Amino acid sequence: MRASIRLGQIAGIKVGLNFSVLVIVVILVFGLAFGRFPEVNPGFSTWAYVVAGVASALLLLVSLLVHELAHAVVARRNGIEVAGITLWLLGGVAELRGEPRSAGADLRIAAVGPLASVVVGGIFAIAAFVTSAATGPGLGVETLAYLAGINGILAVFNLIPAAPLDGGRVLRAFLWWRRGDRTAAAVTAARAGRVFGFVLIALGFIEFVIGVGFGGLWLILIGMFVVGAASSEEQQTRVNAALHGIRVGEVMTPDPVVADAGRSVQNLIDEAVLTHRFSTYPLVEDGRLAGLVTLNRVRATPSDQRQTLRLADIACPPDEVPTAHPDDPLTDLLPRMAGCTDGRAVVLGDGGQVVGLVSPSDISRAMQTSDFRGSRPYPPPRGADLTLPHDKNPWTS
């Protein structure tokens, strides 16, 4: 889920909003301002209810941000890079580039989110109690009480033992600790997530059919997301297990055709695109990576501008291009192969020079031949591609 609006950084972590978050804001404001608040606290003006609804929606987004920040901060403390946090239609997503290297780290990263929600909910509950004692019941107290309750619900819902919910991560960490097999634990948590998602879809369908309200559609939407995300997690787990121990240099396409960032788009077409079979061209400037151009980007350039536009003008900028060293584990690179590069990554040598490319076809080929690779640094410890063989207790960090 990509950020459409950048909000800046908190504790060095990029924070953004996806446009879909506006949908949940509108639903919340409308439901609270014209439903819950007038029913519980009658007698106020429409504008007062709208202001309370807007304040509740914004503070809920802040609560979700705190929840995701807790995940991100603990993940960084456990050696995992955090690409950023995005708030969207169904909550928030902390994009972690990597996986925990022990069951203990996995547990800490998963559990801190619901814990943060409990703390935030407690703060709102205390604020509601103090405000009620000072001013008596009112719209402000109801707003604070609502936020306390919704944070509590968020914490409880996230602790359901089904991936991709935090409870699924807790289940994965526990099974990893008991079995010593991260892959099997992750697959179990993902399958539990699919079952839970289908249950939500069934409940939503029943609720919608019997005419209880449109809440059934919401359950169906959440259930579909859970099923899709759980299936994706299981697939990613199997890919990581298959590619365990493989280095980037083993799968990369070496010595790619590079282009000068200052040359025109038409020049690349004439001298490289029409004469080579490559679909990706790293750009260099003074011997350093200056961006990445793919055939999709060239194709999207208007034909009448190809003589004047430089390659640097249409390229994916260098700070958004995933890079790796030939000796890096391939599984560490995979989570970063997204964004504007169409799933490509550039391999850099010790001096920062371009020495190779990794594309989806390279990954596919590595998957197909993974069973034939007999010379890995060490065999996968029962499917866990994150702990070394000498680790006796994966619960420790």
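Let me sum up the structure you'll find in this document. (Residues numbered from 1 in each chain as written. Predicted model: local features only at pLDDT ≥ 70, side-chain atom pairs only at ≥ 80, totals over all residues. Heavy atoms only, no water.)

This paragraph deals with the pairing of strand β10 (residues 345-348). What you see with β10 is no split at all: Ala345 and Val347 on one side and Val346 and Leu348 on the other are buried throughout. Here two bridges tie strand β9 (residues 323-324) to β10, and the two strands are oriented parallel to one another. Each residue of the ladder has a partner; that of alanine 324, found in β10, is valine 347. Across four bridges, the pairing between β10 and strand β11 (residues 354-358) is antiparallel. The partner of valine 346 across the bridge, within β11, is leucine 357. Where β10 hands over to β11, the hairpin turn is made up of five residues, of which glycine 352 adopts a positive phi near 85°. (Buried < 20%, exposed > 50% of the residue type's maximum accessible area, 1.4 Å probe, protein only. Helix = DSSP H or I, 4+ residues; strand = E, 2+ residues; numbered from the N terminus. Pairing = 2+ DSSP bridges.)

Moving on: a nonpolar patch on the surface. A cluster of nonpolar side chains, contributed by Phe205, Ile206, Phe208, Val209, Ile210 and Leu217, occupies part of the molecular surface with about 610 Å² of accessible area. When residues in the nonpolar patch are grouped by element, the largest group, four residues, is from helix α6 (residues 182-209). Position of leucine 217 relative to the elements: it lies in helix α7 (residues 215-242). A relative accessible area of 41% places leucine 217 in the partly exposed class. (Patch = residues over 30% accessible without salt bridge, like charges linked within 9 Å, V, L, I, M, F, W, Y side chains within 5 Å. Areas by Shrake-Rupley, 256 points an atom, 1.4 Å probe, with all protein chains shown as cover. Salt bridge = Lys/Arg side-chain N within 4 Å of Asp/Glu carboxyl O.)

What follows concerns the sheet that holds strand β5 (residues 253-254). The sheet built from four strands is open, its strands ordered β5-β11-β10-β9 with mixed pairing. Each having just a single partner strand, β5 and β9 make up the two edges of the open sheet.

Looking now at the pairing of strand β7 (residues 280-285). The pairing of strand β6 (residues 259-260) with β7 spans two bridges and is classified as parallel. Residue pairing across strands places aspartate 260 opposite valine 284, the latter belonging to β7. Traced from β6 through helix α9 (residues 265-273) to β7, the parallel crossover comes out right-handed. Bridging between β7 and strand β8 (residues 288-294) involves six bridges; their strand directions are antiparallel. (Right-handed = clockwise from strand over helix to strand, strands pointing away.)

Take the sheet that holds strand β4 (residues 91-97) next. Spatially, β1-β2-β3-β4 is the arrangement adopted by the four strands of the open sheet, whose pairing is mixed. A single partner strand is all that each edge strand has here, and the edge strands are β1 (5-10) and β4. Each strand of the sheet is rotated relative to its neighbour by a mean of 20°, with strand direction disregarded. Where strand β2 (residues 13-17) meets strand β3 (residues 81-88), three bridges bridge the pair, whose relative direction is parallel. Paired with valine 15 across the strands is isoleucine 85, a residue of β3. (Axes fitted to C-alpha atoms, helices over the stretch in contact; angles between N-to-C directions.)

Think of a ball as big as a water molecule: rolled over the atoms, this probe shows where empty space is left. When its volume is computed, the second largest pocket comes out at roughly 250 Å³. Considering the residues around the second largest pocket, the lining is formed by Thr253, Arg277, Phe278, Ser279, Thr280, Arg344, Leu357, Ser359, Ser361, Asp362 and Arg365. Along the lines of polarity and charge, the residues of the lining of the second largest pocket split into two nonpolar, five polar and four charged. (1 Å grid on protein atoms, 1.4 Å probe; cavity = no way out; pocket = protein on both sides within 12 Å on 5 of 7 lines; lining within 4 Å. Points joined across faces, edges and corners; volume = space filled by probe spheres on them. Nonpolar A, V, L, I, M, F, W, Y, C, P; charged D, E, K, R; others polar.)

With that out of the way, let us pick up the packing of aromatic side chains. Taken as a whole and judged by the stated rule, the model has six aromatic pairs. Ring geometry for phenylalanine 44 against tyrosine 49: centres 6.0 Å apart, planes inclined by 75°, an arrangement best described as edge-to-face. For tyrosine 49, a relative accessible area of 6% gives the class buried. Where phenylalanine 157 meets phenylalanine 196, the ring centres are 6.0 Å apart and the plane angle is 50°; that geometry is what we call tilted. Taken together, the positions of phenylalanine 157 in helix α4 (residues 139-158) and phenylalanine 196 in helix α6 put the pair 39 residues apart, joining distant regions of the chain. On the basis of relative accessibility, which here comes to 27%, the residue phenylalanine 157 falls in the partly exposed class. (Phe/Tyr/Trp six-rings, centres within 6.5 Å; stacked < 30°, edge-to-face > 60°.)

As a further point, take the side chain of glutamate 234. Of note, glutamate 234 is situated in helix α7. Ignoring anything within four residues of it in the chain, the contact list for glutamate 234 reads Val187, Ala190, Arg191 and Arg194. (Contact = heavy atoms within 4.5 Å.)

What follows covers the nonpolar core. One recurring pattern in soluble globular proteins: nonpolar side chains tend to sit buried together. Residues Ile85 and Leu87 are the most contacted members of the largest nonpolar core, which totals 44 residues. The set of elements that each furnish at least two residues to this core consists of β2, α1 (21-40), α2 (46-77), β3, α3 (103-135) and α4. No other element matches the 13 residues that α2 contributes to this core. Not counting chain neighbours up to four residues away, the residues in contact with leucine 87 comprise Gly16, Leu17, Asn18, Val21, Leu61, Leu64, Leu65 and Gly92. (Core = buried A, V, L, I, M, F, W, Y, C linked by side-chain atoms within 4.5 Å.)

The next thing to look at is the packing of α1 against α4. Across the interface, α1 lies against α4 with an axial gap of 11 Å and an inter-helix angle of 125°. When the interaxial angle is binned, α1 and α4 end up oblique. Between α1 and α4 lies a crossing whose hand is right-handed. Contacts between α1 and α4 pair Leu28, Leu32, Arg36, Phe37 and Val40 from the former with Leu139, Glu142, Thr143 and Tyr146 from the latter. Considered class by class, the residues forming the contact of α1 with α4 number six nonpolar, one polar and two charged. (Parallel < 35°, antiparallel > 145°, perpendicular 65-115°, else oblique. Left-handed = near helix turned anticlockwise from the far one by under 90°.)

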